[in-house]
Amino acid sequence: MRCFRGFSKSTLLAIYNAWRYSENPDLRILHQGDQDGTAYKTSRDTKRVIMRHPRTRHLREIRGESSFWWVPGADDERNPSMQAAGIMSNITSSRADEVQNDDVEVPRNIATPEAREKLRYRLGEQTHILVPEGQKLYIGTPHTHDSLYDEMERMGADCLTIRMFEREFRIESATQTDYVLPFRPEYVFAGIGAPARLLKEGADYRVTDNGIQFATAHGCLVDCYAGCAWPERFDNAELLKRRRKTRTINEWDSQYQLHSKPVGEQRLDPERMIPYDTEPVIRQANGETLLMLGNVRLVGAKARWDCSLGKIKSDASAVAIIYTDDVGRL
């Protein structure tokens with residue numbers, strides 16, 4: 001089950017668990033998260049649903065703590081109804097009818113090939129814990145290019161994938177004003193991170209018979225979307241807030257559109273660098289001070305100093321200044 005961030009996946013899982021126990025109090029679930037603490041959250045949430053829902057009132061006399069507990073009617077004293085543990089925790093000798101992996105793929109355990117291999121090794125141990133005809137359930141979002149969720153799908157797993165937007169079209173660098181699109185856009189984002197904007201139809205662009213026409217060439221990455229999966233909860237303000245809080249476009253693609261990509265910063269691509277044959281110039285216009293690079297307005301700057309050690313034969317000091325324009329380009 002791959003669903004975008006904020007979908008309430010773990011909340012739904014707690015309700016699902018309570019329903020499963022109402023149907024079969026002998027059920028044994030091993031629930032694993034990226035660490036013990038996150039696994040305990042779903043364990044406690046499942047208990048909360050059982051304690052409050054009228055269909056599970058006969059199961060309210062639960063024995064045990066967040067890591068191990070039994071519902072009334074469970075007859076296996078060695079293996080609890082619910083065992084919650086982190087994916088790297090020791091679960092040897094356990095037995096389960098269902099193993100749940102809730103967001104076990106996170107940045108801390110997939111940063112290197114060795115870490116990804118270790119994660120898969122721990123997941124492999126679950127095969128020996130499941131009883132015959134038991135089942136595994138994976139819930140989460142991809143965090144790397146070789147995501148385990150893609151691997152499960154290739155192996156024939158039944159998959160439910162719900163992206164934030166059903167349809168998507170990306171313009172890597174909007175240097176023109178007119179583009180042909182395969183659908184009518186409902187949301188148009190320019191840029192990623194803090195400078196990102198949600199463009200307004202009629203002001204920033206208009207929809208044509210076969211695509212989109214911008215009022216001006218933005219010169220940056222533009223994403224066009226349609227078919228929001230949950231527009232009542234994710235309105236324009238919420239979508240823009242999340243777009244601005246997302247540091248890289250890969251992170252956005254993986255966490256909201258469920259494309260398997262690494263979420264961290266990426267190496268510089270020299271092919272996307274734009275050379276300028278002019279120097280920054282300070283101008284005064286309409287009562288304000290402008291910093292211009294040709295016809296591009298600069299709105300921010302960062303300076304980095306690599307200082308010399310002061311030795312005669314050592315490197316000289318070096319200073320790098322990075323400007324930002326009003327659409328987030330560096």
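Scope of this entry: the structure provided in the associated data block. (Residues numbered from 1 in each chain as written. Predicted model: local features only at pLDDT ≥ 70, side-chain atom pairs only at ≥ 80, totals over all residues. Heavy atoms only, no water.)

**Section: the overall build of the protein chain**
Here is the rule we go by: We count a stretch as a helix when DSSP gives it H or I for four or more residues in a row; a strand needs E for two or more, and each element gets its number in order from the N terminus. Taken over C-alpha atoms, the radius of gyration is set against a globule rule of 2.2 Å times the number of residues to the power 0.38. The rule is simple: take the accessible area with a 1.4 Å probe, protein chains only, and divide by the maximum for that residue type; under 20% is buried, over 50% is exposed, in between is partly exposed. In what follows, residue pairs with any heavy atoms lying within 4.5 Å of each other are defined as contacts. Accessible surface area values rest on a Shrake-Rupley calculation with a 1.4 Å probe, where residue burial reflects the displayed protein chains alone. When charges are counted, Lys and Arg are positive and Asp and Glu negative, with His and the chain ends excluded. Every charge is mapped onto a representative atom, which is NZ of Lys, CZ of Arg, CG of Asp or CD of Glu.
Across its full length, the protein chain carries 6 helices and 19 strands. At 26 Å, the protein chain has a C-alpha radius of gyration far larger than the 20 Å of a compact globule built from 330 residues. Dimensions of the protein chain along its principal axes, counting C-alpha atoms only, are 80 × 65 × 40 Å. Classification of the 330 residues of the protein chain by burial places 43% in the buried group. Sequence separation of 24 or more characterises 65% of the internal contacts of the protein chain that already satisfy a separation of 6 or more. Approximately 19,000 Å² of the protein chain is accessible, and the part contributed by carbon and sulfur atoms is 51%. Taken together, the 47 basic and 48 acidic charged side chains of the protein chain have centroids lying 4 Å from each other.

**A short note on the sheet that holds strand S9 (residues 165-171)**
What counts is decided by this rule: Here, a strand pair is defined by DSSP locating no fewer than two bridges between the strands. In this description, a line fitted to the C-alpha atoms serves as the axis of each element, helices being fitted only across the stretch in contact, and the angle between N-to-C directions of two axes falls anywhere from 0 to 180 degrees.
In spatial order, the strands read S9-S15-S11-S12; together these 4 strands make up an open sheet with antiparallel pairing. Of all strands in the sheet, those bounded by a partner on one side alone are S9 and strand S12 (197-198). Sheet topology note: the S9/strand S15 (residues 222-228) ladder contains 6 bridges and is antiparallel. Pairing of Arg 167 across the sheet is with Ala 226, part of S15. Contacts from helix H5 (residues 236-245) reach S9, strand S11 (187-190), S12 and S15, with the element oriented near 30° to S11.

**Focus: the packing of H5 against helix H6 (residues 249-256)**
Short version of the rule: For this classification, under 35 degrees means roughly parallel, over 145 means roughly antiparallel, 65 to 115 means roughly perpendicular, and everything else is oblique. In this classification, the charged set is Asp, Glu, Lys and Arg, the nonpolar set is Ala, Val, Leu, Ile, Met, Phe, Trp, Tyr, Cys and Pro, and all remaining amino acids, among them Gly, are polar.
For the pair H5 and H6, interaxial distance at closest approach is 9 Å and the crossing angle is 130°. Our classification of the angle between H5 and H6 gives oblique. Residue-level inspection shows Leu 239, Arg 242 and Arg 243 of H5 in contact with H6, the latter providing Ile 249, Trp 252 and Tyr 256. Tallied by class, residues from the contact of H5 with H6 come to 4 nonpolar, no polar and 2 charged.

**Brief notes about the sheet that holds strand S13 (residues 205-207)**
Strands sit in the order S10-S14-S13 across an open sheet of 3 strands; the sheet is antiparallel. On the outer flanks of this sheet lie strand S10 (178-180) and S13, each paired with one strand and no other. If you compare each strand with its neighbour and ignore which way they point, the axes differ by 20° on average. Relative to strand S14 (residues 211-214), S10 runs antiparallel, the two being bridged by 3 bridges. Each residue of the ladder has a partner; that of Asp 178, found in S14, is Gln 213.

**Re the pairing of strand S18 (residues 296-306)**
Inspection of the sheet shows strand S17 (residues 288-293) paired to S18 by 3 bridges, in the antiparallel sense. Note on S18: the bridge partner recorded for Met 292 is Arg 297. Hairpin connection, S17 to S18: the antiparallel pair is bridged by 2 residues, and Gly 294 has positive phi, about 65°. Relative to strand S19 (residues 318-325), S18 runs antiparallel, the two sharing 8 bridges. Pairing of Ala 301 across the sheet is with Tyr 323, part of S19.

**Describing the environment of Leu 123**
Secondary-structure assignment places Leu 123 in helix H3 (residues 113-129). For the pair Leu 123 and His 218, spaced 95 residues apart in sequence, the C-alpha to C-alpha distance is 45 Å.

**Some details on the environment of Leu 160**
Of note, Leu 160 is situated in the loop between helix H4 (148-154) and strand S8 (161-162). What makes Leu 160 partly exposed here is its relative accessible area of 46%. Distance in space between the C-alpha atoms of Leu 160 and Cys 3 is 8.0 Å, their sequence separation being 157 residues. Once residues lying within four places of it in the same chain are set aside, the contact partners of Leu 160 are Met 1 and Arg 2.

**Concerning the pairing of strand S5 (residues 82-86)**
Where burial is concerned, most of S5 is hidden: 5 out of the 5 residues are buried. The alternating pattern of S5 places Met 82, Ala 84 and Gly 86 on one face and Gln 83 and Ala 85 on the opposite face, and all of these are buried. Examined bridge by bridge, strand S2 (residues 29-33) and S5 share 5 bridges and lie parallel to one another. Paired with Gln 32 across the strands is Ala 85, a residue of S5. As judged from the 2 bridges shared by strand S4 (residues 68-70) and S5, these two strands associate in the antiparallel manner. In the sheet register, Trp 69 faces S5, and the bridge partner there is Met 82.

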